[in-house]
Amino acid sequence: MVTKLSVNLCGILLDNPVIPASGTFGFGMEMADIYNLDILGSISIKGTTREARYGNPLPRIAEGERGILNSVGLQNPGIHSVIADELPRLKQVFHKPVIANISGFSIDDYAYSCEKINDQEQVGIIEVNISCPNVHNGGMAFGTSPKMAAKVTQAVKHVTTKPVFIKLSPNVTDITSIAKACEEAGADGLTLVNTFLGMRIDIQRRQPILAQKVGGYSGPAIFPIALRMVYQVAQTCHIPIIGCGGVATAEDVIEMMMAGATAVQVGAENLRNPFACKEIIETLPQVMERLKIDSLESIIGIIK
Amino acid sequence: MKQVTLHIATNTQLIQGIYEMKLEGDVGDTLRPGQFVNIALDNLYLRRPFSISDYDTTSMTLLYKVVGKGTRQMSSMHKGQKISILNGLGNGFNTNIHHSHVLLAGGGIGIAPLYKLAKELKTAGKKVSVALCFNTAKEIFYVERFKELSTNTYIATVDGSEGCKGFITNLIQQYKLTFDYYYACGPMPMLKSMCQNIEAPGEVSLEARMGCGFGICMGCSIPTTSGNKRVCKEGPVFGKEELIW
């Protein structure tokens, strides 16, 4: 049903544009104990790779001003277990199309996992993560070169029928060139942005806090930068954008949409406030009324 | 897991840098000794996890050591102030054991969750021995409290300024302690040494830097003999046979 909160994302009608970002919501089960997940627009599930992964050594978490630095490194049970165990469990508690977030270490990996996940009825959109800053020989390496980004996009599009969103890295000089390359290679949409490479040092112990030394920074601190990137890409590309990066309030959602996002992901905020997405969704109607916004669809990309 | 706002009833410095904070309100989600809370503090993005040292139906007590911005902020809080916590986190200790004589081993601020555990085990009719290790005599706290609950309480200090000189494992050796089962919480080297050198079965409570504290971010996962486990969700208490050192 079309409402003032609903948005159309590549033919999928979302009740509202609020989506927990991949990696900040697990596979949904822990959150299902906290609130009714069906209030969400969709859920982007934990980044999945071809094989199961433990990820990086601990510590994987550090903190900054209004943000969190992580080097989890794509811990996940692997595509087969996600299909056999995680998706059926999630189906019991979330009754809408989900976004499957897929990562890889080679073009072959991406194509393999995307082809498998494409067969899952529950999956509405495939989100291809070419921007994980926490793994070597993959992840971000595909997202920092327009040529490689295009190659991954083509390979995935070749084996899938569902809308494919490419999740972009902000750790590039010109994000619009990567975005454009993905669009030209057939991407149906773009999610931006993933985390910013960062670092913290324990000055007492004279050691980096993270075992991997560097990690990805996210949280409200990055919101203005993410917003600028969403805006720039919206000016360059014609495919829909899921805006992501530091979103913590209903006002942030509206700002992201005005910059050009059709839907919005909430990431780090879920970790400090488990009710973040719920609170944002509940606050949106009041904020819209205050700002005299009749429907969220009407404000998408109004900033030219 | 539940998000609740509690009131500070007391916040007292026990010795230099070690505080005891008593919180009152809806604490119903704390079910077992060894569980923890995640506290939201002003101007700090992530919550801070603390193990619960004691609780009843209307209050809980936290013991904390001032080590950084978060704990410094907590140390300046006063009676009546409100504090937002996520409660009922982690698995807690397993007190449903058939062993009759248990050892509770704590190192430094790691003794915190053992206090309520000692209470529960005493109530369950177990013979409770307690071994506590501190860096030096000046850092000793809560010993009298443990003495009230235990058959014997032993002390070790790393510098030998009080009790046995050395670590928990030295203490166990020196006093020839015998027990059927142990519970431990403290620094990682202490836990490792216990798991590797003490023959009796036991369980240990781990500490880790956490993102969320309730299992969604995978920030604190460790590999175990039975697969990857989250310290915040499947832990923080693990059977010694599960841990890979």
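Whatever comes next refers back to the structure up there.
Reading guide: rules and limits
Per chain, residues are indexed from 1 in the order of the written sequence. Ligands are numbered from 1 and chains lettered from A, in the order in which they are written. Confidence filtering applies because this is a predicted model: local features only for residues at pLDDT of at least 70, side-chain atom pairs given and counted only at 80 or more, and all residues used for totals across whole chains, interfaces and linings. For side-chain calculations, the full set of non-hydrogen atoms in the structure is used, while hydrogens and water are omitted. The numbering of helices and of strands both runs from the N terminus, where a helix is a DSSP run of H or I of at least 4 residues and a strand a run of E of at least 2. The reference for a compact globule is 2.2 Å times residues^0.38; the radius of gyration itself is calculated from the C-alpha atoms. Only protein chains enter the area calculation, which uses a 1.4 Å probe; residues under 20% of their type maximum are buried, those over 50% are exposed, and those in between are partly exposed. Computed by Shrake-Rupley with a 1.4 Å probe, the accessible areas treat only the displayed protein chains as cover when residues are assessed. Counted as positive: Lys and Arg. Counted as negative: Asp and Glu, with His and the chain ends omitted from the count. Think of each charge as sitting on NZ of Lys, CZ of Arg, CG of Asp or CD of Glu. Only strands joined by at least two bridges in the DSSP assignment are considered to pair. Only the contacting stretch of a helix is used when fitting its axis, a line to C-alpha atoms as for every element, and angles between N-to-C directions run 0 to 180 degrees. In what follows, residue pairs with any heavy atoms lying within 4.5 Å of each other are defined as contacts. Buried area is a sum: the accessible area each of two parts loses on coming together, probed at 1.4 Å, counted once for each and added. One speaks of a salt bridge when a side-chain nitrogen belonging to Lys or Arg is within 4 Å of a carboxyl oxygen belonging to Asp or Glu. All amino acids are sorted into three groups, where Ala, Val, Leu, Ile, Met, Phe, Trp, Tyr, Cys and Pro are nonpolar, Asp, Glu, Lys and Arg are charged, and the leftover types, Gly among them, are polar. Look down the strands so they point away from you; if going from the first strand over the helix to the second traces a clockwise path, that crossover is right-handed. We call a set of buried residues a nonpolar core when its members are Ala, Val, Leu, Ile, Met, Phe, Trp, Tyr or Cys and they connect through side-chain atoms within 4.5 Å of each other. Pairs of N or O atoms within 3.5 Å make up the polar contacts considered here, provided that, within protein, one atom can donate a hydrogen while the other can accept it, and that residues adjacent in sequence are counted only when both atoms are side-chain atoms. We call two directions roughly parallel when the angle between them is under 35 degrees, roughly antiparallel when it is over 145, roughly perpendicular when it lies between 65 and 115, and oblique otherwise. Two helices that cross are described as forming a left-handed crossing if the nearer one is turned anticlockwise from the farther one by less than a right angle, and a right-handed crossing if clockwise.

Draft legend 1. Structural detail: the overall build of chain A. Counting its secondary structure elements, chain A contains 10 helices and 15 strands. Taking 304 residues into account, the globule formula puts the C-alpha radius of gyration at 19 Å, and chain A, at 18 Å, falls close to it. C-alpha extents for chain A along the principal axes are approximately 50 × 50 × 40 Å. Counting all 304 residues of chain A, 62% fall into the buried class. Counting every atom, chain A has about 11700 Å² of accessible surface; 52% of that belongs to carbon and sulfur. Placing the 26 positive and 29 negative side-chain charges of chain A at their respective mean positions leaves the two points 6 Å apart.

Draft legend 2. Just the sheet that holds strand E5 (residues 67-70) of chain A, in detail. All names here are of chain A. Spatially, the 4 strands line up as an open sheet ordered E4-E5-E13-E10, and their pairing is antiparallel. Strands with a single pairing partner mark the edges of an open sheet, and in this sheet they are strand E4 (61-64) and strand E10 (196-199). Neighbour-to-neighbour, the strand axes of this sheet turn through a mean angle of 40°, independent of strand direction. Note: E5 against strand E13 (residues 214-218), 3 bridges, orientation antiparallel. In the sheet register, Asn 70 faces E13, and the bridge partner there is Gly 216.

Draft legend 3. Local environment of unusual backbone geometry. The omega torsion of the bond from Leu 58 of chain A to Pro 59 of chain A falls at -5°, within 30 degrees of zero and hence cis. Position of Pro 59 of chain A among the secondary structure elements: in the loop between helix H1 (29-32) and E4. Across the junction of Gly 235 of chain B and Pro 236 of chain B, the peptide omega takes the value 10°, indicating a cis bond. By the element assignment, Pro 236 of chain B lies in the loop between strand E14 (227-230) and strand E15 (237-239). Positive phi is not limited to glycine here, since Lys 292 of chain A has a value of about 55°. Looking at the secondary structure, you find Lys 292 of chain A in the segment after helix H10 (276-290). Given a relative accessible area of 72%, Lys 292 of chain A falls into the exposed group.

Draft legend 4. Looking closely at helix H2 (residues 112-123) of chain B. All names here are of chain B. Ala 112, Pro 113, Leu 114, Tyr 115, Lys 116, Leu 117, Ala 118 and Leu 121 are the residues of H2 that are buried. Buried residues along H2 sit in contact with strand E4 (48-55), strand E5 (59-65), strand E7 (101-107), strand E8 (127-134), helix H3 (143-149) and strand E11 (181-185). The positive-phi residue at the C-terminal boundary of H2 is Gly 125, with phi of around 85°.

Draft legend 5. Summary view of the interface of chain B and chain A. Listed by partner, the interface residues are 27 residues for chain B and 34 residues for chain A. With both chains or domains summed, chain B and chain A bury close to 2400 Å², and 60% of this area falls on carbon and sulfur atoms. The largest share of the area that chain B buries against chain A comes from Tyr 45, Arg 209 and Ile 216 of chain B, three residues that together contribute 34% of it. Counting the contacts that link chain B with chain A gives 3 salt bridges. Between Lys 69 of chain B and Glu 65 of chain A there is a salt bridge, with the nearest N and O atoms lying 3.9 Å from each other. Of all elements in the fold, only strand E13 (221-224) and E14 of chain B reach the threshold of two or more residues within the side of chain B that touches chain A. The biggest single contributor to the side of chain B that touches chain A is E13 of chain B, with 3 residues. Here the side of chain B that touches chain A is built from residues that sort into 15 nonpolar, 6 polar and 6 charged.

Draft legend 6. Quick look at the sheet that holds strand E3 (residues 18-20) of chain A. Residues and elements named next belong to chain A. On the basis of which strands lie adjacent, the open sheet formed by 7 strands has the order E3-E15-E14-E9-E8-E7-E6 and parallel pairing. Taken across any chain shown, the strands that pair with only one partner, and hence form the sheet edges, are E3 and strand E6 (98-102). Direction aside, neighbouring strands of the sheet carry axes that sit 25° apart on average. Sheet topology note: the E3/strand E15 (residues 263-266) ladder contains 3 bridges and is parallel. If you follow Pro 20 over to E15, its bridge partner there is Val 266.

Draft legend 7. Region of interest: the pairing of E11 of chain B. Residues and elements named next belong to chain B. The buried fraction of E11 amounts to 5 of the 5 residues, a majority that puts the element mostly inside the structure. Covered by surrounding structure in E11 are Tyr 181, Tyr 183 and Cys 185 together with Tyr 182 and Ala 184, the residues of both alternating faces. By the bridge criterion, 5 bridges tie E7 to E11 in an arrangement that is parallel. Counted as the bridge partner of Leu 104 is Tyr 183 from E11. Note that E11 and strand E12 (residues 202-205) share 4 bridges and pair parallel. The partner of Ala 184 across the bridge, within E12, is Val 204. Assessed by its sense of winding, the connection that carries the chain from E11 through helix H5 (residues 188-197) to E12 is right-handed.

Draft legend 8. Spotlight on the nonpolar core. By size, the foremost hydrophobic cluster in this structure holds 132 residues, and its most contacted members are Val 128, Leu 168, Leu 190 and Leu 192 of chain A together with Tyr 182 of chain B. Once you skip the residues sitting within four places of it in the chain, Leu 168 of chain A turns out to touch Ile 130, Ser 131, Ile 175, Ile 178, Ala 179, Cys 182, Leu 190, Thr 191, Leu 192, Val 193 and Asn 194 of chain A. Ranked by size, the runner-up nonpolar core spans 29 residues in total, among them Val 143, Phe 146, Ile 155 and Cys 185 of chain B.

Draft legend 9. The arrangement of the side chain of Gln 35 of chain B in detail. Residue and element names in this part refer to chain B. Tracing the chain through its elements places Gln 35 in the loop between strand E2 (18-24) and strand E3 (36-40). From its side chain, Gln 35 meets the backbone nitrogen of Leu 31 in a polar contact 2.7 Å long. Here Arg 32 takes part through its backbone nitrogen, which lies 3.0 Å from a polar atom of the side chain of Gln 35. Apart from the residues within four sequence positions on either side, Gln 35 is in contact with Asp 29, Thr 30, Ser 51, Ile 52, Gly 88, Leu 89, Gly 90, Asn 91 and Gly 92.

Draft legend 10. Structural detail: the packing of helix H8 (residues 250-259) of chain A against H10 of chain A. All names here are of chain A. Between H8 and H10, the shortest axis-to-axis distance is 8 Å and the interhelical angle comes to 65°. Relative to H10, the element H8 is oriented roughly perpendicular. As H8 packs across H10, the resulting crossing turns out to be right-handed. From H8, Ala 250, Glu 251, Val 253 and Ile 254 reach across to H10, where they touch Ile 280, Thr 283, Leu 284, Val 287, Met 288 and Arg 290. Broken down by class, the residue content of the contact of H8 with H10 amounts to 7 nonpolar, 1 polar and 2 charged.

Draft legend 11. Expanded view of the environment of Ile 209 of chain A. Structurally, Ile 209 of chain A is set in the loop between strand E12 (207-208) and E13. Considered as a pair, Ile 209 of chain A and Ile 61 of chain A are 148 residues apart in the sequence and their alpha carbons are 7.9 Å apart. Not counting residues within four places of it along the chain, the set of residues in contact with Ile 209 of chain A comprises Pro 59, Ile 61, Ala 62, Arg 200, Ile 201 and Asp 202 of chain A together with Arg 209 of chain B.

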